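Chain by chain, the residues:
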Amino acid sequence: MEKKAFITGASSGIGAALAEELAARGYTLFLTGRNETRLAALAGKLSCRWRALDLNREADVYCLEEELRAFQPDLLINNAGLGSLGDLDRMDPGKMDEIVRVNCMALTHLLRTGLQVMQGRRAYILNVASVAGLLPAGPHMAVYYASKSYVTSLTLAVRQEMRERGSGISISALCPGPVRTRFDERSGVRNALRGMDAAAVARAAVRGLFRGKPLIIPGLAVRASVFLGRLLPRGIYAALISRQQQKKG
Ligand SMILES: NC(=O)c1ccc[n+]([C@@H]2O[C@H](COP(=O)([O-])OP(=O)(O)OC[C@H]3O[C@@H](n4cnc5c(N)ncnc54)[C@H](OP(=O)(O)O)[C@@H]3O)[C@@H](O)[C@H]2O)c1
């Protein structure tokens with residue numbers, strides 16, 4: 001039987017790696033992103049459908065919801081996202097809005113539509129959050145960290161709603177630490193920590209989502225830091241994160 005996956009943010013980084021991983025597993029794909037050239041090149045390589053749209057625009061989000069309804073995937077991956085390093089009061093308001101619109105609003109709309117489309121079937125949804133979404137706060141990158149906390153909270157809440165209804169839809173959040181993609185450069189991070197390879201993150205994500213894990217945290221070191229962090233008072237942990245964030249600028 002044909003298996004179909006719909007991936008946002010597939011023109012680059014983790015989304016592109018997820019597309020490659022799922023294509024290798026025999027999935028029929030629908031890829032979306034903003035950069036037409038990159039998207040067309042990957043879709044050509046993987047022989048799949050694609051559509052370039054800007055999730056910062058309300059009208060484009062609605063278009064993508066229509067594409068999602070028409071495609072009827074068994075797997076939806078909400079991966080598109082962006083960040084920006086810097087203090088809130090010095091942040092460009094357009095960038096601030098874009099982070100909230102793409103990371104939170106567009107994801108919520110697509111999640112809601114995905115649930116409606118998949119109702120009554122065995123299906124999977126993966127929301128790409130970040131380890132940032134499991135930490136108490138992210139000084140100097142506050143909006144991004146808060147947006148990812150939103151994604152983990154939303155994912156776990158909706159997952160529970162589906163379980164209570166006996167739904168066949170399994171929803172997971174992917175929470176990677178640093179990953180080697182264009183994300184840091186685009187976020188204004190100059191001194192990035194050496195991250196994981198995007199392909200390794202994609203493999204861990206696909207394994208975890210089909211096992212029905214609620215939170216998928218690739219990499220032992222990242223899992224250990226999340227666990228140890230829970231033992232610290234939140235204020236002290238936020239101060240430690242702040243020191244780390246300041247080194248990135
Ligand atoms: N890299 C990391 O260290 C890291 C760690 C944890 C979580 N994450 C999360 O992983 C996800 C993927 O990021 P990445 O690391 O792969 O970064 P990336 O290489 O910059 O890829 C981001 C993807 O999101 C798409 N996107 C951004 N803004 C968009 C918009 N307005 N409309 C449509 N698509 C948009 C980009 O499309 P275009 O390229 O076509 O503009 C691209 O396909 C994000 O949600 C990010 O928060 C990343």
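The coordinates are above.
Rules used throughout
- Residues numbered from 1 in each chain as written.
- Predicted model: local features only at pLDDT ≥ 70, side-chain atom pairs only at ≥ 80, totals over all residues.
- Heavy atoms only, no water.
- Salt bridge = Lys/Arg side-chain N within 4 Å of Asp/Glu carboxyl O.
- Helix = DSSP H or I, 4+ residues; strand = E, 2+ residues; numbered from the N terminus.
- Buried < 20%, exposed > 50% of the residue type's maximum accessible area, 1.4 Å probe, protein only.
- Axes fitted to C-alpha atoms, helices over the stretch in contact; angles between N-to-C directions.
- Parallel < 35°, antiparallel > 145°, perpendicular 65-115°, else oblique.
- Left-handed = near helix turned anticlockwise from the far one by under 90°.
- Contact = heavy atoms within 4.5 Å.
- Nonpolar A, V, L, I, M, F, W, Y, C, P; charged D, E, K, R; others polar.
- Pairing = 2+ DSSP bridges.
- Near = heavy atom within 4 Å.
- Polar contact = N/O pair within 3.5 Å; in protein donor to acceptor, adjacent residues only side chain to side chain.
- Areas by Shrake-Rupley, 256 points an atom, 1.4 Å probe, with all protein chains shown as cover.
- 1 Å grid on protein atoms, 1.4 Å probe; cavity = no way out; pocket = protein on both sides within 12 Å on 5 of 7 lines; lining within 4 Å.
- Points joined across faces, edges and corners; volume = space filled by probe spheres on them.
- Expected span 1.5 Å × (residues − 1).

Engineer: Which parts of the structure should I look at to understand the pattern of salt bridges?
Structural biologist: Side-chain pairs of opposite charge can arise where the charged atoms are in close proximity. Scanning all chains against the criterion turns up 10 salt bridges. The residue Glu 67 makes a salt bridge to Arg 51 at a minimum N-O spacing of 2.8 Å. One end of the pair, Glu 67, is in helix α3 (residues 58-71); the other, Arg 51, is in strand β3 (residues 49-52), and 16 residues separate them in sequence. For Glu 67, a relative accessible area of 14% puts it in the buried group. Judged by its relative accessible area of 30%, Arg 51 falls in the partly exposed class. Ionic pairing is found between Glu 98 and Lys 95, a salt bridge with its closest N-O pair at 3.7 Å. On the criterion of helical spacing, the pair formed by Glu 98 and Lys 95 is a turn pair, its members being 3 residues apart in helix α4 (residues 93-118). For Glu 98, a relative accessible area of 12% gives the class buried. Exposure remark for Lys 95: the relative accessible area of 26% places this residue in the partly exposed category.

Engineer: Is there a simple way to think about the packing of α3 against α4 in this case?
Structural biologist: Any two packed helices are characterised by how steeply their axes cross, that is the angle between the axes, and by the distance between the axes. Between α3 and α4, the least distance of the axes is 10 Å, while the angle of their chain directions is 20°. Considering their axes alone, α3 and α4 lie roughly parallel with respect to each other. Both α3 and α4 take part in a crossing whose hand is right-handed. Taking contact as the criterion, the partners of Val 61, Tyr 62, Leu 64, Glu 65, Leu 68 and Arg 69 in α3 are, on α4, Ala 106, His 109, Leu 110, Thr 113, Gly 114, Gln 116 and Val 117. Taken together, the residues that form the contact of α3 with α4 break down as 7 nonpolar, 4 polar and 2 charged.

Engineer: Got a minute to help me understand the sheet that holds strand β1 (residues 4-7) in this structure?
Structural biologist: Either a parallel or an antiparallel arrangement is found when strands of a sheet pair, and the pairing is made through backbone hydrogen bonds. What the 7 strands build is an open sheet, ordered β3-β2-β1-β4-β5-β6-β7; its pairing is parallel. Strands with a single pairing partner mark the edges of an open sheet, and in this sheet they are β3 and β7 (215-216). Looking at chain direction, strand β4 (residues 75-78) and strand β5 (residues 123-128) are connected through 4 bridges and run parallel. Paired with Ile 77 across the two strands is Leu 126, which belongs to β5. The strands that helix α1 (residues 13-24) touches are β1, β2 (28-33), β4 and β6 (169-174); relative to β1, the one it contacts most, it runs at about 175°.

Engineer: Can you walk me through the site of the ligand in this structure?
Structural biologist: The environment of the ligand is made up of 31 residues, and the closest members are Ser 11, Ser 12, Asn 35, Tyr 144 and Thr 181. Gly 9 is positioned with one of its backbone polar atoms (N or O) 3.0 Å from an oxygen atom of the ligand. A distance of 3.2 Å separates an oxygen atom of the ligand from a polar side-chain atom of Arg 182. The protein chains hide 97% of the 890 Å² of surface that the ligand would expose on its own.

Engineer: What is the right way to look at empty space enclosed by the protein in this model?
Structural biologist: Within this structure, the stated rule accounts for 1 cavity of 30 Å³ or more. In this structure, the largest cavity encloses a volume near 40 Å³. Looking at the largest cavity, the residues that line it are Thr 8, Leu 55, Asn 78, Asn 79, Ala 80, Val 102, Ala 106, Leu 107 and Leu 110. Counting residues per element, the lining of the largest cavity draws most heavily on α4, which supplies 4 residues. In terms of residue class, the lining of the largest cavity is built from 6 nonpolar, 3 polar and no charged.

Engineer: I would appreciate a short explanation of the packing of α4 against helix α5 (residues 142-164) in the present structure.
Structural biologist: Remark: α4 packs on α5, axes separated minimally by 9 Å, with the N-to-C direction vectors making an angle of 10°. Comparing the axis directions of α4 and α5 gives the class roughly parallel. From α4, Met 96, Ile 99, Val 100, Asn 103, Cys 104, Leu 107, Thr 108, Leu 111 and Leu 115 reach across to α5, where they touch Val 143, Tyr 144, Ser 147, Lys 148, Tyr 150, Val 151, Leu 154, Val 158 and Met 162. A class-by-class count of the residues in the contact of α4 with α5 yields 14 nonpolar, 3 polar and 1 charged.

Engineer: Honestly, α1 in this entry has me stumped. Any pointers?
Structural biologist: Note: α-helices contain 3.6 residues per turn, so residues at a spacing of three or four share the same orientation. The first and last C-alpha atoms of α1 sit 17 Å apart over 12 residues, in line with the 16 Å expected at 1.5 Å per residue. The first or second residue beyond α1 is Gly 26, which carries a positive phi of 90°.

Engineer: Sorry, what's going on with unusual backbone geometry here?
Structural biologist: Leaving glycine aside, a negative phi is the common case for residues, and trans is the common case for peptide bonds. Phi at Ser 47 is positive, roughly 50°, even though this residue is not glycine. Overall, the relative accessible area of 65% leaves Ser 47 in the exposed class. Phi at His 140 is positive, roughly 75°, even though this residue is not glycine. Position of His 140 among the secondary structure elements: in the loop between β5 and α5.

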